[in-house]
Amino acid sequence: MPHIGTVRPRQPADVRVRSLGKEYPSRSGAPVAAMADVDLEIPAGEFVCVVGASGCGKSTLLRILAGFEHATAGSVEVGGLPVTGPDPERGVVFQDYGLFPWLSVRENIAYGPRQARLQRPVVQERTDRFLDAVGLTRFADRFPSELSGGMQQRVAIARVLANDPSLLLMDEPFGALDALTRSSLQGELSRIHRETGTTVLFITHSIEEAVYLADRVVVMAGGAAHGVPGHVREEIRIPLGPDRDVTSAEFNALKRRISALVHQEATAA
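This report concerns the structure included in the present document. (Residues numbered from 1 in each chain as written. Predicted model: local features only at pLDDT ≥ 70, side-chain atom pairs only at ≥ 80, totals over all residues. Heavy atoms only, no water.)

A short note on the overall build of the chain
Counting its secondary structure elements, the chain contains 7 helices and 10 strands. A globule of 269 residues ought to have a C-alpha radius of gyration of about 18 Å, and the chain, at 19 Å, matches this closely. Projected onto its principal axes, the C-alpha coordinates of the chain cover approximately 55 × 45 × 35 Å. Taking all 269 residues of the chain together, the buried fraction comes to 49%. Across the chain, contacts joining residues at least 24 apart in sequence account for 71% of those joining residues at least 6 apart. Here the chain displays about 12600 Å² of accessible surface, and carbon together with sulfur accounts for 51% of that area. Separation of charge centres in the chain, based on 29 positive and 32 negative side chains, amounts to 3 Å. (Helix = DSSP H or I, 4+ residues; strand = E, 2+ residues; numbered from the N terminus. Rg over C-alpha atoms; globule rule 2.2 N^0.38 Å. Buried < 20%, exposed > 50% of the residue type's maximum accessible area, 1.4 Å probe, protein only. Contact = heavy atoms within 4.5 Å. Areas by Shrake-Rupley, 256 points an atom, 1.4 Å probe, with all protein chains shown as cover. Lys, Arg positive; Asp, Glu negative; His and termini not counted. Charge placed at Lys NZ, Arg CZ, Asp CG, Glu CD.)

Below is the structure:
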């Protein structure tokens, strides 16, 4: 598949999360602490996966980083600036593709650069390059309803990347896909990350997916259902190269280690 070439983000952003906490109101009137004392640093260009049992605060962390929710304690900085709301430099990809059904594939990808009032040749170049990067050039004039789920997710990724983000936030983006499509998109995302250098925070329930993609895996624990706020339990470096063999002893040793951490928490609950 062709490479993205010289298209690169403005500058990959580093992420600093300090003593982050999030509370929600309850029917009793007493707030429920969904997350507390979360500290996390992501150097610019790193690919970090976050795993943990349901309710531990993974998606809450991502939504706060995206600017969709506000923390009730602590601070969040991306690229040295506090997060106060959504920003196109922080691209978000969800499990639900969120494409505009009335726009073609090409128009969906070009939407962000056009909204940013970039010059037409720049919009066209970015659109063409990211269509190429996700292997959808032949389908540029199709509409989302004419595409498979995997192809729609490719469009969603290309649309975010065309905005030239310094941070890419992904919340279970491949969770609804079949195993073969999921594996294919994991490979494409890994390649695109190597070529763009974008900082990535990726939420997943799949430990194998985390070990396959990440430079580092953050294991979260707790949550309201566990009786304690969500928090970072452990961070595990993944010292594997880009061409990872899911059948290798090293890969599976890391997978077992992370799985044990996640399941200890689930058993304790």
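A closer look at the pairing of strand S8 (residues 199-203)
Counting buried positions along S8 yields 5 of 5 residues, so the element is predominantly enclosed. Of the two faces of S8, the one holding Thr199, Leu201 and Ile203 and the one holding Val200 and Phe202 are both buried throughout. Strand direction decides the pairing type here: strand S3 (residues 47-51) and S8, joined by 4 bridges, are parallel. Bridging across to S8, Val50 finds its partner in Ile203. Where strand S7 (residues 167-171) and S8 come together, 5 bridges link them in parallel fashion. By the bridge assignment, Leu168 is partnered in S8 with Val200. Tracing the backbone out of S7, into helix H5 (residues 179-196) and back to the parallel element S8 gives a crossover that is right-handed. (Pairing = 2+ DSSP bridges. Right-handed = clockwise from strand over helix to strand, strands pointing away.)

Some words on the state of the cysteines
By definition, a disulfide links two cysteine residues through a covalent bond between their sulfur atoms. This structure, assessed with the given rule, holds 0 disulfides. Here Cys49 stays free of any disulfide, with the sulfur of Cys56 as its closest cysteine sulfur at 13 Å. Look at Cys56 and you get buried, because its relative accessible area is 1%. (Disulfide = S-S within 2.5 Å.)

Here's the deal with H5
Taking 1.5 Å of rise per residue, 18 residues should cover 26 Å, and H5 covers 26 Å from first to last C-alpha, within 8% of that figure. When H5 is considered as a whole, its buried residues turn out to be Arg182, Leu185, Gln186, Glu188, Leu189, Ser190, Arg191, Ile192, His193, Glu195 and Thr196. Summarising the contacts, the buried residues of H5 are in contact with S3, helix H3 (120-133), helix H4 (149-161), S7, S8 and helix H6 (207-213). Where H5 begins, one side-chain oxygen reaches toward the backbone nitrogen of Leu180, 3.2 Å away; that side chain belongs to Asp178. Backbone geometry just after H5 places Gly197 at a positive phi near 75°. (Expected span 1.5 Å × (residues − 1). Polar contact = N/O pair within 3.5 Å; in protein donor to acceptor, adjacent residues only side chain to side chain.)

Things to note about the nonpolar core
The tendency in soluble globular proteins is for nonpolar side chains to be buried side by side. Judged by nonpolar contacts, the single largest core of 47 residues is most densely connected at Phe47, Cys49, Met170, Phe202, Val217 and Ile258. Discounting chain neighbours no more than four positions away, the residues touching Val217 are Cys49, Val51, Ala210, Glu234, Glu235, Ile236, Ile238 and Ile258. If you look at the next biggest cluster of nonpolar residues, it comprises 26 residues, including Val17, Ala66, Leu167 and Ile203. (Core = buried A, V, L, I, M, F, W, Y, C linked by side-chain atoms within 4.5 Å.)

Topic: the pairing of strand S6 (residues 90-94)
Among the 5 residues in S6, 4 count as buried, and that is most of the element. Both S6 and S7 contribute to a ladder of 5 bridges, which runs parallel. In the strand pairing of S7, Gly91 is matched with Leu168.

What to know about the side chain of Lys58
Note that Lys58 resides in helix H1 (residues 58-66). Despite its burial, Lys58 remains without a salt bridge, the nearest opposite charge being carried by Glu172 at 6.1 Å. Within the local environment of Lys58, its side chain forms a polar contact with the backbone oxygen of Gly52, the two atoms lying 3.0 Å apart. Polar contacts involving the side chain of Lys58 include one to the main-chain carbonyl oxygen of Ala53, which spans 3.3 Å. (Salt bridge = Lys/Arg side-chain N within 4 Å of Asp/Glu carboxyl O.)

Keep in mind that these numbers describe shape and distance, not what the molecule does.
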